[in-house]
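Here is how the chains run, residue by residue.
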Amino acid sequence: MADDVTAPATRWVRSSALTRYRLAPNPGPMSLDGTNSYVIAAPDSDSAVVVDPGPLDPEHLAELAGAGRVELVVLTHHHPDHTEAAGEFHRMTGAPVRAKDAALCRGAEPLEDGERLEAAGVRIEVLATPGHTADSICLALPDDGEHGAVLTGDTILGRGTTVIMFPDGRLGDYLATLRRLEALGPATVLPAHGPVLPDLAGIARAYLAHREERLDQVRAALAELGGDATVAQVTDAVYADVDASVRRAAENSVAAQLDYLRG
């Protein structure tokens, strides 16, 4: 589990042997406590990789820029709570910005599935992990601790479960992604929201079980409501107690589930 490396007011957390993160000041129903902006670097490196610089907050960006000479910026996907500050941070540091989506890149090419990066003295493996969004990626750090570590973006969270942002995200893709992550074994999970977790394989299995349970609930709702039931009707049946602040997210998930079941 993560542990604070300095006074809580600094918002920095040591998350693994090769990473630490700074909690961005953007809490909310979808971002939990805020976005975890990660710094990847070997202990003896004078440079750093920054993952998901987050919101356009001057203090947050100054702290990230001060973590070492920024060699590379990586974005796990396009959502603004991860990318809003990417342009400004590129201007501040001169570091290239890379993502799977070419539209997010600055001064560099898009990332490719299976690509291996060597930066800040660390070996980083790029994994295309669509599902939450079409452009979602994870970053595997095979040398980070006994079992390695994986920065999971929003694909796996430190608390709760991930929303499928349909139609950009698709449930079939997400289930395949979870199986791919499960195959990586008991790596440390470094999520973009929430605390660090152990055992990637175990968490991926739990996520898969949760998705299957939800699909069963949707099937049951369709059996009662009829096969042409709307997203709103199924959401009312399956997510009856959901808070209004996350109703839209619940509807996104139901839309993804119906798309998957209806083929």
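Predicted model only: the values in this text are computed from it and were never measured.

Observations regarding the overall build of the protein chain
Move 1: Looking only at helices and strands, the protein chain has 7 helices and 12 strands in total.
Move 2: A globule of 263 residues ought to have a C-alpha radius of gyration of about 18 Å, and the protein chain, at 19 Å, matches this closely.
Move 3: Reported as C-alpha extents along the three principal axes, the dimensions of the protein chain are approximately 60 × 35 × 35 Å.
Move 4: Contacts in the protein chain between residues far apart in sequence, at least 24 positions, make up 55% of those at least 6 positions apart.
Move 5: Counting every atom, the protein chain has about 11200 Å² of accessible surface; 51% of that belongs to carbon and sulfur.
Move 6: Put simply, the protein chain has 22 plus and 39 minus side-chain charges, and the middle of one group is 1 Å from the middle of the other.

Describing helix 1 (residues 58-65)
Move 1: Buried within helix 1 we find H60, L61 and L64. For helix 1, the angular spread of the buried residues around the axis is 95°, confining them to a single face. Turned more than 90 degrees away from the buried face of helix 1 sit P58 and E59, all of them exposed.
Move 2: The inward-facing, buried residues of helix 1 contact strand 2 (12-16), strand 3 (19-23), strand 4 (36-40), strand 5 (47-51), strand 6 (69-74) and helix 3 (86-93).

Thoughts on the pattern of salt bridges
Move 1: Under the definition given, this model contains 14 salt bridges.
Move 2: The network of salt bridges with common partners includes R116, R123, E125 and D143.

Re the packing of aromatic side chains
Move 1: For the structure on display, the rule yields 1 aromatic pair.
Move 2: Geometry around W12 places R20 over its ring, the cationic atom sitting 4.2 Å from the centre.

Concerning the layout of surface pockets
Move 1: Estimated volume of the largest pocket: approximately 600 Å³.
Move 2: Lining the largest pocket are 28 residues, and of these M30, T161, T162, V163 and A249 sit closest to its centre.
Move 3: Listing elements by their share of the lining of the largest pocket, those giving two or more residues are helix 5 (200-225) and helix 7 (247-262).
Move 4: At 5 residues, the largest contribution of residues to the lining of the largest pocket is made by helix 7.
Move 5: Approximately 160 Å³ is the volume attributed to the second largest pocket.

Reading the values: the criteria
- Note that residues are indexed from 1 along each chain, following the sequence as it is written.
- Totals for whole chains, interfaces and linings use all residues, but because this is a predicted model, local features are given only for residues with pLDDT of at least 70 and pairs of side-chain atoms are given and counted only at 80 or more.
- Excluded from the side-chain calculations are hydrogens and water; all other atoms, namely the structure's heavy atoms, are used.
- Runs of H or I in DSSP of at least four residues are treated as helices and runs of E of at least two as strands, each being numbered from the N terminus.
- We take the radius of gyration over the C-alpha atoms and set the globule estimate at 2.2 Å times the residue count to the 0.38 power.
- Contacts between residues were defined by any pair of non-hydrogen atoms, one from each residue, lying within 4.5 Å.
- Where accessible areas are quoted, they stem from the Shrake-Rupley method and a 1.4 Å probe; at the residue level, only the protein chains shown are allowed to cover.
- In this tally, Asp and Glu contribute negative charge and Lys and Arg positive charge; neither His nor the terminal groups of the chain are included.
- Charge placement uses NZ in Lys and CZ in Arg. For Asp and Glu, CG and CD serve respectively.
- Partly exposed residues are those whose accessible area sits between 20% and 50% of the maximum for their type, while under 20% is buried and over 50% is exposed, using a 1.4 Å probe and protein chains only.
- The arc in question is the one spanned by the directions pointing from the helix axis to the C-beta atoms.
- Salt bridges are identified by distance alone: a Lys or Arg side-chain nitrogen within 4 Å of an Asp or Glu carboxyl oxygen.
- Stacked, tilted and edge-to-face pairs are distinguished by plane angle, under 30 degrees for stacked and over 60 for edge-to-face with tilted covering the rest, among Phe, Tyr and Trp rings (Trp via its six-membered ring) whose centres lie within 6.5 Å.
- We count a charge as sitting over a ring when the NZ of a lysine or the CZ of an arginine lies within 6 Å of the ring centre and within 35 degrees of the ring normal.
- A cavity here means a set of 1 Å grid points, computed over protein atoms only, where a 1.4 Å probe fits but cannot escape. A pocket is an open set with protein on both sides within 12 Å along at least 5 of 7 lines, and lining residues have an atom within 4 Å of a point.
- Grid points are joined across faces, edges and corners, and a volume is the space filled by probe spheres set on the points.

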